Amino acid sequence: MMLAENAVRWQRLVDLAQRHCSSFCFIFSMTDRIVVIGASLSGIDALSELISKLPKDFPAPIFITQHVASHSPGMLPYLLSKAGPLRAVHPKTGTIFEPGTVYVAPPDRHMLLQKGYIRLSHGPHENLARPAIDPLFRSAAVNYGPAVVGVVLTGQLNDGTSGLLAIKDRGGFTIVQEPREATARSMPLSAIRHMKVDRVCTLEQISRLLVELANDAPPETEPALEKLMEIENRIAEGVFNVEDWWSLEQMSFPSGLNCPTCRSALYELKDQRVLRYRCRSGHAFSAQSLLSGQADAREAYLSSLFGALIEEATLAKRLRSEPLFAEDSQTAESLSNRVDELDAEANQVSRWLHAMSGLVEPEPSMSDRPGERT
């Protein structure tokens, strides 16, 4: 409720600014290109190389979501500013964006685009991440339609695929890094396998293409905005309400699974192109990220179980050493047997945990990659 009230209050301030500031109104009505980029594993190197190749007079704003830990010191804007001629910053909520500036999602916040300004959100994690790529891409698609250029770079799992589909659905231009160049191929290959992307390019080619597109007018035709995309955008903004949930239920069906983050029921979205899930708290998952989340949850459960068994065995040993119980041979024997059973169970759990240490998400094979695109 508080989030919804804050969102309404902020919108009133925006409306007031529109009426009293001509430059603000101009930015709101802009029809030029905007560029959104998503990256994960090894993304900092890829982003630095890409940004270094762009000219200082690049005529479009650039928005970047790079997966980072919530406690990250947030050094990416500094690194990107040093890499090339463009200024890179962490925006604040309400930042009015400008051409030729790179805006980087800060740690533990989704970066979302509104008409002319940026909103930072503490909305639910998507694909186990905050900031996540899909919310940025989706918000850009909702508010800027065919003006959006979406770019997916190196990364594990498949954050960005659903967001790139949203950009494609709204008439935007989609670019994916050449998987053979990417350090982690999962994200680029996922995008390629789920849609007909407009270009698959190396970083060198992407930089030239971005300059070309940024100096070109976007298509005038804007496809209709789908209700599911609109609702998911509100979830990321943190203004999701009960009416939205009932609408979302009509666009999904119970999966029989629970959210690995909050344990509430997961619903499978009726998206025929990519298998996706949402829980009642708003957490979103692709099938791959859900599988990874379930593995993390299993490790946490096993670690907790191991600790519980060790604690119970420790207490049993402590009781066995007490004079009152040590003098009772039957009780002492029972406690010793209990300690042996608990140690055996703890060893079994330890073996399960050890087996999980080799559970690493495999890189997808290149063998079933669709044909080359130009």
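The text that follows walks through the structure, step by step, so that each part is easy to find. For clarity, every value in this text was computed on a predicted model and none was experimentally measured. (Residues numbered from 1 in each chain as written. Predicted model: local features only at pLDDT ≥ 70, side-chain atom pairs only at ≥ 80, totals over all residues. Heavy atoms only, no water.)

Right, let's get into the packing of aromatic side chains. Taken as a whole and assessed by the stated rule, the structure comprises five aromatic pairs. The interplanar angle of 85° and the centroid separation of 5.0 Å between the aromatic rings of Phe 63 and Phe 97 together place this pair among those described as edge-to-face. With Phe 63 in strand 2 (residues 62–66) and Phe 97 in the loop between strand 3 (87–89) and strand 4 (101–104), the pair connects residues that are 34 residues apart, well separated along the chain. Across the pair, exposure class does not vary: Phe 63 and Phe 97 are buried alike. When the centroid spacing of 6.3 Å and the interplanar angle of 90° are considered together, the rings of Phe 240 and Trp 245 count as edge-to-face. A relative accessible area of 25% places Phe 240 in the partly exposed class. The class for Trp 245 is buried, based on a relative accessible area of 9%. (Phe/Tyr/Trp six-rings, centres within 6.5 Å; stacked < 30°, edge-to-face > 60°. Helix = DSSP H or I, 4+ residues; strand = E, 2+ residues; numbered from the N terminus. Buried < 20%, exposed > 50% of the residue type's maximum accessible area, 1.4 Å probe, protein only.)

The next thing to look at is the pairing of strand 4. Along strand 4, one buried face is formed by Thr 101 and Tyr 103 and the opposite face, lined by Val 102 and Val 104, is buried too. Relative to strand 4, strand 2 runs parallel, the two sharing three bridges. The partner of Ile 64 across the bridge, within strand 4, is Val 104. Where strand 3 lies against strand 4, three bridges are found, and the strand directions are parallel. Paired with Val 89 across the strands is Tyr 103, a residue of strand 4. (Pairing = 2+ DSSP bridges.)

This part is about the sheet that holds strand 11 (residues 265–269). A sheet is described by the order of its strands in space; here four strands give the open sequence 10-11-12-13, paired in antiparallel fashion. Lying at the two open borders of the sheet, with one neighbouring strand each, are strand 10 (252–258) and strand 13 (284–286). On average, each strand axis in the sheet is tilted by 35° relative to the strand beside it, whichever way the strands run. Pairing of strand 11 with strand 12 (residues 276–279) involves three bridges; the strand directions are antiparallel. Note on strand 12: the bridge partner recorded for Glu 268 is Tyr 277. (Axes fitted to C-alpha atoms, helices over the stretch in contact; angles between N-to-C directions.)

Another point: the nonpolar core. The biggest cluster of nonpolar side chains holds 34 residues, and the ones touching the most others in it are Val 36, Phe 63, Met 111, Leu 113, Ile 118, Phe 137 and Leu 164. Those elements giving two or more residues to this core turn out to be strand 1 (34–39), strand 5 (110–113), strand 6 (118–121), helix 5 (133–144), strand 7 (148–152), helix 6 (161–169) and helix 7 (186–194). In terms of residue count, helix 5 provides more of this core than any other element does, seven residues in total. Discounting residues that sit within four places of it in the chain, Ile 118 has contacts with Phe 63, Pro 91, Lys 92, Thr 93, Gly 94, Thr 95, Phe 97, Tyr 103, Met 111, Leu 112 and Leu 113. With 30 residues, the next largest nonpolar core counts Leu 47, Ile 51, Ile 62 and Val 151 among its residues. (Core = buried A, V, L, I, M, F, W, Y, C linked by side-chain atoms within 4.5 Å. Contact = heavy atoms within 4.5 Å.)

Before going further, it helps to examine the pairing of strand 11. The buried count for strand 11 comes to four of five residues, which makes it a mostly enclosed element. Relative to strand 11, strand 10 runs antiparallel, the two sharing four bridges. Bridge pairing in strand 11 places Asn 258 opposite Ala 265. Between strand 10 and the antiparallel strand that follows it, strand 11, lie six residues; Arg 263 among them carries a positive phi value of about 70°.

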